[in-house]
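Analysis of the macromolecular model
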Amino acid sequence: MAFSSKVSTSLLLAIALAGSVCLVVSAGNFYQDMDITWGDGRAKILNNGNLLTLSLDKTSGSGFQSKNQYLFGKIDMQLKLVPGNSAGTVTASYLSSQGPTHDEIDFEFLGNLSGDPYILHTNVFSQGKGNREQQFYLWFDPTADFHTYSVLWNPQSIIFSVDGTPIREFKNAESIGVPYPKNQPMRIYSSLWNADDWATRGGLVKTDWTKAPFTASYRNFNAKNACVWSNGASSCKSSSSKNSARNSWLSQQLDSTSQGRMKWVQKNYMIYNYCTDVKRFPQGLPQECKLS
């Protein structure tokens, strides 16, 4: 698939006007919001808490996690990915609970050789079961500047967005027997690590350590529209709060315009969808694929 020829200039302009240029994110402070969890100094909080960088060298990668746990939320993070030859590296930003029946909502960015596009890998785990991968190319260079990657997680669905443009929706399919993440609070995690055994062309392209250290940058974390879980209780306590303007995201769904933008991205940029992989599921596609 030719990356540069996937879409016309007019469509690029349309999607930019529809989403990215009008998106405003209020900045969080990484000192207040995050704990660096590993990397032996390779993760750094800079600029008075407004910037966080992760780095990877041949010895180790690095990572951080949120101080808070969340049970539903609209969560934004701006990332600028490893530039140049990033083959073999993976930058991950995800929500996860703990334990063998954990829930998880994944953004993973698979590096590539210089000039080749990053692959944005998404997945959803519920009750310990994943294997729900969808992968995309992006319509911009994610290493040249910061872009906003968002998860809207509410009782109805999980929506992945890039610069305000939805790219994927995972609907609550409990009515047909599919577990849905709704009972386990999750932290936000991020890491930069070496995965050259599988990340680039199935592990055929290895990390070029002469280009190390590799660095990814983060800013403008925003979880102000999220339910913080603390001491067994949610900050979104009353059912009436769902109807307030502040918590309207708890019942938010994709309108027809957003559905159209998501279909456009999936038509032009999706490179893998587990719901169409009949060879992988010879006994039949997963139940939730019926809702797609």
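Structure first, text after, so check above.
Everything numeric here is computed off the predicted structure, so don't read it as measured data. (Residues numbered from 1 in each chain as written. Predicted model: local features only at pLDDT ≥ 70, side-chain atom pairs only at ≥ 80, totals over all residues. Heavy atoms only, no water.)

Some words on the nonpolar core
One broad trend across soluble globular proteins is that nonpolar side chains are buried collectively. Trp153, Ile158, Ile167, Tyr218 and Phe221 are the most contacted members of the largest nonpolar core, which totals 69 residues. Looking at this core, the element that brings in the most residues is strand β14 (residues 214-230), giving 7 residues. Excluding residues that lie within four positions of it along the chain, isoleucine 167 makes contacts with Phe107, Leu120, Thr122, Phe136, Trp139, Phe160, Ser161, Val162, Met262, Val265 and Gln266. (Core = buried A, V, L, I, M, F, W, Y, C linked by side-chain atoms within 4.5 Å. Buried < 20%, exposed > 50% of the residue type's maximum accessible area, 1.4 Å probe, protein only. Helix = DSSP H or I, 4+ residues; strand = E, 2+ residues; numbered from the N terminus. Contact = heavy atoms within 4.5 Å.)

Some points on the sheet that holds strand β6 (residues 89-96)
Reading across from one edge, β1-β4-β13-β6-β7-β8-β9-β16 is the order of the 8 strands in this open sheet, with antiparallel pairing throughout. The open sheet has two edge strands, β1 (34-38) and β16 (270-273), and neither has a second partner. If you compare each strand with its neighbour and ignore which way they point, the axes differ by 15 degrees on average. Pairing of β6 with strand β7 (residues 104-110), which is carried by 7 bridges, proceeds in the antiparallel orientation. Bridged to threonine 91 within β7 is phenylalanine 109. (Pairing = 2+ DSSP bridges. Axes fitted to C-alpha atoms, helices over the stretch in contact; angles between N-to-C directions.)

Re the state of the cysteines
If you walk through the whole model with that rule in mind, you get 2 disulfides. At a sulfur-sulfur separation of 1.9 Å, the disulfide partner of cysteine 275 is cysteine 289. Between cysteine 275 and cysteine 289 the sulfur-sulfur dihedral comes to about -85 degrees; the bridge is accordingly left-handed. With a gap of 14 residues between them, cysteine 275 in the segment after β16 and cysteine 289 in the segment after β16 connect regions that are remote in the sequence. We classify cysteine 275 as buried; its relative accessible area is 9%. Relative accessible area serves as the criterion here: at 12%, cysteine 289 is assigned to the buried category. By sequence-ordered numbering of the bonded cysteines, the chain has its disulfides arranged as 1-2, 3-4. (Disulfide = S-S within 2.5 Å.)

A short note on the packing of aromatic side chains
Applying the stated rule across the entire model yields 13 aromatic pairs. Taking the centre distance of 6.2 Å and the plane angle of 10 degrees together, the rings of phenylalanine 107 and phenylalanine 109 count as stacked. (Phe/Tyr/Trp six-rings, centres within 6.5 Å; stacked < 30°, edge-to-face > 60°.)

Focus on the side chain of serine 161
In this structure, serine 161 sits in strand β11 (residues 157-162). Dropping the residues within four chain positions of it, serine 161 is found in contact with Phe107, Thr148, Tyr149, Ser150, Pro166 and Ile167.

Quick look at the pairing of β11
Put simply, side chains in a regular strand alternate between the two faces of the sheet. In terms of burial, β11 is largely enclosed, as 6 of its 6 residues are buried. Going residue by residue along β11, you find Ser157, Ile159 and Ser161 tucked away on one face and Ile158, Phe160 and Val162 tucked away on the opposite face as well. The pairing of strand β10 (residues 147-153) with β11 spans 5 bridges and is classified as antiparallel. Its bridge partner being in β11, leucine 152 is matched across the sheet by isoleucine 159. Hairpin geometry of β10 and β11 is characterised by an intervening segment of 3 residues between the two adjacent antiparallel strands. Inspection of the sheet shows β11 paired to strand β12 (residues 165-171) by 6 bridges, in the antiparallel sense. Looking at the pairing, valine 162 lines up with threonine 165 of β12. Between the antiparallel neighbours β11 and β12 lie 2 residues, among them aspartate 163 with a positive phi of about 50 degrees.

Some remarks on the pattern of salt bridges
For the structure on display, the rule yields 7 salt bridges. Of the charged contacts in the structure, one is a salt bridge between lysine 74 and aspartate 76, with a shortest N-O distance of 3.2 Å. Accessibility expressed as a relative area gives 26% for lysine 74, which makes it partly exposed. Exposure remark for aspartate 76: the relative accessible area of 6% places this residue in the buried category. (Salt bridge = Lys/Arg side-chain N within 4 Å of Asp/Glu carboxyl O.)

Overview of the environment of methionine 186
Relative to the elements of secondary structure, methionine 186 occurs in the loop between β12 and β13 (187-194). On the basis of relative accessible area, methionine 186 is assigned to the buried category, the value being 0%. Linking methionine 186 and phenylalanine 72, residues 114 residues apart in sequence, is a C-alpha distance of 8.6 Å. When residues no more than four places from it in sequence are discounted, the contact partners of methionine 186 are Asn68, Gln69, Tyr70, Leu95, Ser96, Ser97, Asp103, Glu104, Ile105, Trp153 and Pro181.

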